[in-house]
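Examining the three-dimensional arrangement
Now for the letters of each chain:
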Amino acid sequence: MRQNQSSKIVLEFGRNSKEDIEFSKKFVRLDSLNFIKIDGYLLKHGYPSKNKHGTKAFMAPWAIIHHSNSIAARKKHFSKIYQAYKEGELDYNAFSLYLGRTYQMVFGNRFQTDGNRTQVEEVAAQINALELK
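Every chain begins its residue count from 1, and numbering advances along the sequence as written. Side-chain atom pairs in this predicted model are given and counted only at pLDDT of 80 or more, local residue features only at pLDDT of at least 70, and totals for whole chains, interfaces and linings cover all residues. Side-chain figures throughout are based on the complete set of non-hydrogen atoms in the structure, without hydrogens or water.

**Focus on the environment of glycine 46**
Numbered from the N terminus, helices here are DSSP runs of H or I no shorter than four residues, and strands are runs of E no shorter than two. Along the chain, the position of glycine 46 falls in the loop between helix 2 (18–45) and helix 3 (50–53). Each residue is assigned to one of three classes by its accessible area relative to the maximum for its type, calculated with a 1.4 Å probe on protein chains only: buried under 20%, partly exposed between the two thresholds, exposed over 50%. Looking at glycine 46, the relative accessible area reads 19%, which means it is buried. Once the C-alpha coordinates of glycine 46 and lysine 80 are considered, the two residues, 34 residues apart in sequence, prove to be 7.5 Å apart.

**Observations concerning the packing of aromatic side chains**
Both the distance between ring centres and the angle between the ring planes are used here to describe each pair of aromatic rings. Any pair of Phe, Tyr and Trp rings, taking the six-membered ring for Trp, is counted once the centres come within 6.5 Å. Such a pair is stacked with planes under 30 degrees apart, edge-to-face with planes over 60 apart, and tilted for the rest. Applying the stated criterion across every chain yields a total of 10 aromatic pairs. With centroids separated by 5.3 Å and ring planes inclined at 70°, the aromatic side chains of tyrosine 47 and phenylalanine 58 adopt a geometry described as edge-to-face. Of this pair, tyrosine 47 sits in the loop between helix 2 and helix 3 while phenylalanine 58 sits in helix 4 (residues 55–66), and the two are 11 residues apart along the sequence. For phenylalanine 58, a relative accessible area of 0% corresponds to the buried category. Aromatic rings pair up to connect Phe78, Tyr82, Tyr85, Phe95 and Tyr98 into one cluster.

**Here we look at helix 8 (residues 119–130)**
Its 12 residues place the ends of helix 8 17 Å apart at the C-alpha level, agreeing with the 16 Å of an ideal helix rising 1.5 Å per residue. For helix 8, the complete set of buried residues consists of Glu122, Val123, Ala125, Gln126, Ile127 and Leu130. Two residues qualify as a contact provided that any one of their heavy atoms is within 4.5 Å of a heavy atom in the partner residue. Its buried side turned inward, helix 8 meets helix 5 (71–76), helix 6 (78–86) and helix 7 (92–107). Within two residues after helix 8, glutamate 131 carries a phi angle of roughly 55°, on the positive side. Expected span of a helix, by definition, is 1.5 Å for each gap between consecutive residues, and there is one gap fewer than residues.

**Considerations on the nonpolar core**
Ranked by internal contacts, the top residues of the largest apolar core, which has 26 residues, are Ile81, Leu90, Phe95, Tyr98 and Leu99. Elements supplying a minimum of two residues to this core: helix 2, helix 4, helix 6, helix 7 and helix 8. Once you skip the residues sitting within four places of it in the chain, leucine 90 turns out to touch Phe58, Met59, Trp62, Ile81, Ala84, Tyr85 and Phe95. Take the buried Ala, Val, Leu, Ile, Met, Phe, Trp, Tyr and Cys residues and link them wherever side-chain atoms come within 4.5 Å; each set so joined is a nonpolar core.

**Topic: the packing of helix 7 against helix 8**
The geometry of helix 7 relative to helix 8 is characterised by a closest axis approach of 10 Å and an angle of 30° between their N-to-C directions. With respect to each other, helix 7 and helix 8 are oriented roughly parallel. Here helix 7 runs over helix 8; the crossing is left-handed. Contacts from Tyr92, Phe95, Ser96, Leu99, Gly100, Thr102, Tyr103, Val106 and Phe107 of helix 7 reach helix 8 at Gln119, Glu122, Val123, Gln126, Ile127, Ala129 and Leu130. As a working rule, the residues Ala, Val, Leu, Ile, Met, Phe, Trp, Tyr, Cys and Pro are called nonpolar, Asp, Glu, Lys and Arg charged, and the rest polar, with Gly in that last group. Counted by class, the contact of helix 7 with helix 8 contains 10 nonpolar, five polar and one charged residues. Angles run from 0 to 180 degrees between N-to-C directions of axes, and those axes are lines fitted to C-alpha atoms, restricted for helices to the stretch in contact. In this scheme, roughly parallel covers angles under 35 degrees and roughly antiparallel covers those over 145, while 65 to 115 is roughly perpendicular and the rest are oblique. Handedness of a crossing is defined here by the sense of rotation of the near helix relative to the far one, left-handed for an anticlockwise turn of less than a right angle and right-handed for a clockwise turn.

Listed below in structure tokens is the structure:
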């Protein structure tokens, strides 16, 4: 939804147009509200299980936290997201995307890989660089 609407607005009105800026502001507000809701849910119930709650419910916390522009908010539930990854429920691509965006927000550039690391080593290197626990 986000990408389809954004693309249509940019094509029709242009990047950084009044409409594009308003659309972006709308999603920042929505992301903040969604984070407040998912934060409360995770604190009360923990991370949902894909098998028990279904794929949509399982991916919702990841998607909401991934869209947060707050480094503190992204780090707050790291352990829950990491646990879902370690248990094999959250796949490498989703977890790597979350870590990569967090790294870029913290350091202002993308995490550099030498291409010789395994996925496990890549994840460990990013977690170490971000000082996540």
